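This is what each chain is made of:
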Amino acid sequence: MKLALFLPQIGAYSETFIQNHILFLAPENTVVITSKIGDRWHLPDTPVLEIKQTGLWAKYSQEDEDRLCGFLHRHGVTHLLIEFPNTFTAIAELNLRRLKLPLTLHFHGYDASQMLNNENVVGFYNWTASVCGGFIAVSEVMKNRLAAHGIQEDKIYVNYYGVNKEKLKPLAPRNDGRCRFLFIGRFVSKKAPLILLEAFRIAYQQEKNIELVMIGDTTEYHAKDNLLERSKAFVKENGLDGVVRFTGSIPHEKVMDELSMADVYIQHSIKCPETGDSEGLPNSILEASLSGLPVIATIHEGIPEAVIHGENGFLVQEGDAQGMAEHIISLARSPETRTKMGLRSLELNSIKFDIRTSIAKLRNILLSAEMNITDEAAAHAIAEHEKRNPEYSNSARIKKIIDENQDSIFVLLGAGYGLTLHWDFIVRSGLKDRISFIVDDNVKTFMGQDTIPFGKLISDNKGKKIVFLLTVASKENFELLRKKVDNEVSVTSKVFALSPYLI
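Residues take numbers from 1 onward in each chain, read along the sequence in its written order. pLDDT decides what is reported in this predicted model: residues at 70 or higher carry local features, side-chain atom pairs at 80 or more are listed and counted, and totals for whole chains, interfaces and linings draw on all residues regardless. Side-chain measures were taken over the full set of non-hydrogen atoms in the model, leaving aside hydrogen atoms and water.

Colleague: Lay out the pairing of strand β4 (residues 79–83) in plain terms, naming residues and giving numbers.
Modeller: When you tally the buried positions in β4, you get five out of five residues, the bulk of the element. Residue alternation in β4 divides its side chains into two sets, H79, L81 and E83 and L80 and I82, and both sets are buried. Pairing analysis gives four bridges linking strand β1 (residues 3–7) to β4, with the strands arranged parallel. Paired with A4 across the two strands is L80, which belongs to β4. When DSSP finds two or more bridges between a pair of strands, those strands are recorded as paired. Working definition: helices are DSSP H or I runs of at least four residues, strands are E runs of at least two. Numbering for both runs from the N terminus. Here β4 runs beside strand β5 (residues 103–106); their pairing, made up of four bridges, is parallel. Pairing of I82 across the sheet is with L105, part of β5. Relative accessibility under 20% of the residue-type maximum defines a buried residue, over 50% an exposed one, and the middle range a partly exposed one, all with a 1.4 Å probe and only protein chains included.

Colleague: Describe helix α12 (residues 355–368), with residues and values.
Modeller: Working rule for helices: expected span equals 1.5 Å times residues minus one. Helix length check: α12, at 14 residues, gives a terminal C-alpha distance of 20 Å against a target of 20 Å (1.5 Å per residue), a fit within 8%. Within the span of α12, buried status applies to I355, S358, I359, L362, I365 and L366. Taken down its axis, α12 places every buried residue within 125° of arc, on the same side. Exposed positions of α12 whose direction lies more than 90 degrees from the buried face are R356 and N364. Here the arc refers to the set of directions running from the helix axis out to each C-beta atom.

Colleague: Break down the packing of helix α1 (residues 16–24) against α12 for me, with residues and values.
Modeller: As a rule, the C-alpha atoms of each element are fitted with a line to give its axis, helices using only the stretch in contact, and angles between N-to-C directions run from 0 to 180 degrees. Running from N to C, α1 and α12 point in directions that differ by 65°, and their axes come no closer than 11 Å. Accordingly, the angle class assigned to the pair α1 and α12 is roughly perpendicular. Where α1 crosses over α12, the handedness of that crossing is right-handed. Contact residues: N20, H21 and F24 in α1; I355, I359, L362 and R363 in α12. Split into classes, the residues belonging to the contact of α1 with α12 amount to four nonpolar, two polar and one charged. Any angle from 65 to 115 degrees is called roughly perpendicular, while one under 35 is roughly parallel, one over 145 is roughly antiparallel, and all others are oblique. Here a crossing is taken to be left-handed if its near helix is turned anticlockwise relative to the far helix by less than a right angle, and right-handed if that turn runs clockwise. Note on contacts: a residue pair is in contact if any heavy atoms of the two residues lie within 4.5 Å. Under the convention adopted here, Pro, Cys and the residues Ala, Val, Leu, Ile, Met, Phe, Trp and Tyr are nonpolar, Asp, Glu, Lys and Arg are charged, and Gly plus all remaining residues are polar.

Colleague: Give me the pairing of strand β8 (residues 179–184): which residues, what numbers.
Modeller: With six of six residues buried, β8 is to be regarded as a mostly interior element. Burial of the side chains of β8 extends over both faces: C179, F181 and F183 are buried on one face and R180, L182 and I184 on the other. Of the pairings in the sheet, the one linking β8 to strand β9 (residues 210–215) comprises six bridges and is parallel in character. Directly across from R180, in β9, lies its bridge partner E211. For the segment spanning β8, helix α6 (residues 193–206) and β9, crossover handedness is right-handed. Bridge count between β8 and strand β11 (residues 264–266): two bridges; the pairing is parallel. Note that in β11 the partner of F181 across the bridge is V264. Crossover handedness is defined by viewing with both strands directed away from the observer: a clockwise path from the first strand over the helix to the second marks the crossover as right-handed.

Colleague: Please set out the state of the cysteines residue by residue, giving values where relevant.
Modeller: Two cysteine sulfurs form a disulfide in these notes if their separation is within 2.5 Å. A complete count under the given rule lists zero disulfides for this structure. No disulfide involves C132; its sulfur sits 18 Å from that of C69, the nearest cysteine. Residue classification places C132 among the buried positions, given a relative accessible area of 4%.

Colleague: Residues and numbers for unusual backbone geometry, please.
Modeller: In this structure, F84 is a non-glycine residue whose phi angle is positive, near 70°. Here F84 shows up in the loop between β4 and α3 (90–99). What makes F84 buried here is its relative accessible area of 7%. A positive phi angle is found at E301, which is not glycine, with a value near 45°. In this structure, E301 sits in the loop between β12 (295–298) and β13 (313–316). Relative accessible area serves as the criterion here: at 15%, E301 is assigned to the buried category.

Colleague: Can you tell me about the sheet that holds β8, naming the residues and giving the values?
Modeller: In spatial order, the strands read β10-β9-β8-β11-β12-β13; together these six strands make up an open sheet with parallel pairing. At either margin of the open sheet sits one strand with a lone partner, and together these are β10 (244–248) and β13. Neighbour-to-neighbour, the strand axes of the sheet open up by a mean angle of 20°, direction not taken into account. Together, β8, β9, β10 and β11 form the strand contacts of α6, whose direction differs from that of β9 by roughly 170°.

Colleague: Would you mind going over the packing of aromatic side chains in detail, with residue names and values included?
Modeller: Any Phe, Tyr or Trp ring, taking Trp's six-membered ring, that has another such ring centre within 6.5 Å forms a pair; planes under 30 degrees apart are called stacked, those over 60 apart edge-to-face, and the others tilted. Within this structure, the stated rule accounts for 13 aromatic pairs. Chaining the aromatic ring pairs together yields one cluster made of W57, F124 and W127. The criterion is that NZ of a Lys, or CZ of an Arg, lies within 6 Å of the ring centre and within 35 degrees of the ring normal, and then a charge sits over that ring. Between the NZ or CZ atom of K208 and the centre of the ring of Y204, over which it lies, the distance is 4.2 Å.

Rendered as structure tokens:
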């Protein structure tokens, strides 16, 4: 097997499962296609093609299609794997029309939770299921949810993440007398760091013999939530400075050091109330379990498939800070229980979540995938895709809006993935110079262009006619942005939704 992996990015500390797939699925026979190369870890011996992502129902430009096909052909690729099926969406259409290789898609978390709130995403997933070898879910809960949204159940395989036990370090005895709790993860809504800190605060009122280490950072996309800074502020306001330590993002080797010096792993995952974003099965919980640590966590997604309440840890309902605090106190006061539960974690999970188990199963799934669609079915699927292709409708819509509002300032307003897609439409349509401002409160530059915060745009352009082109992923988000604009901008301004999801 010569494998091509399609990834939104490479180099993120938080995505060790991606690195494992690159290193172990087809050693020395893997190439990577990505839209972003980070600087956290590198794979110097792996061929990498950097190419833009595409929106739902989109097709590659002829230039990108030829670049991609040439790259795959040069490296003799025989199998395709897309990590996060809502990214690199054009590969399914291209494969059906030109490549005709076995194609498998791997869900991880938000792509099988938050994205399912949008019926057009669900429609795209179902279309893709009809033309690919199969989907991979990381828990039974995820599989059941995908099936409930219409995806053929016999095309969904469950394969857990695997932990490379060779990188784990033996637990290091400490003589400071404290019970050390450890959290590893990004400071984003579904990790609920403030609920975790509230549980720790409650516990600390009754048990001073505890400390908490929190490893991780926020992301550019989630910077507006400011959860890392809010967490640090919470610690200061509640007198926890000496007992809670923030490390920021650190290399995986140092994460392993922190795991070896911990007594309990703790994580309060929730379904994000605003977006519906949820975990798959957190890799950090698996690493802690295979390190021999008891785990305190929530009854959330695939977590109960790794943590059995009362055996190798404790589980509470999402949002239950008081219940989590009680388990913090209980384990802090009982080294014997910690040891017993840690050993039980090893008994339950050492084989189930071993990297060798995970990789072997995933490799077998990929090898069993077939591109056996009939010519008639392929032609029908391609015709259906063509009807839903957003590029032509969005490019034409942008041009029409600009032509009909010649005396206005044109502003691209949005964030994240939708903004990237629409900027691509604008550049391809030759309309780049007509956009006066790109508004994004989270980043200072976007695709080489300076951005401006929403508030500054409004204050600098009072009384002027502004046309806002909103890059949104759902009707709900459109309404939120629309209200924001209506509250701040004169009635002479206009607002248009531009979205690959609202066609």
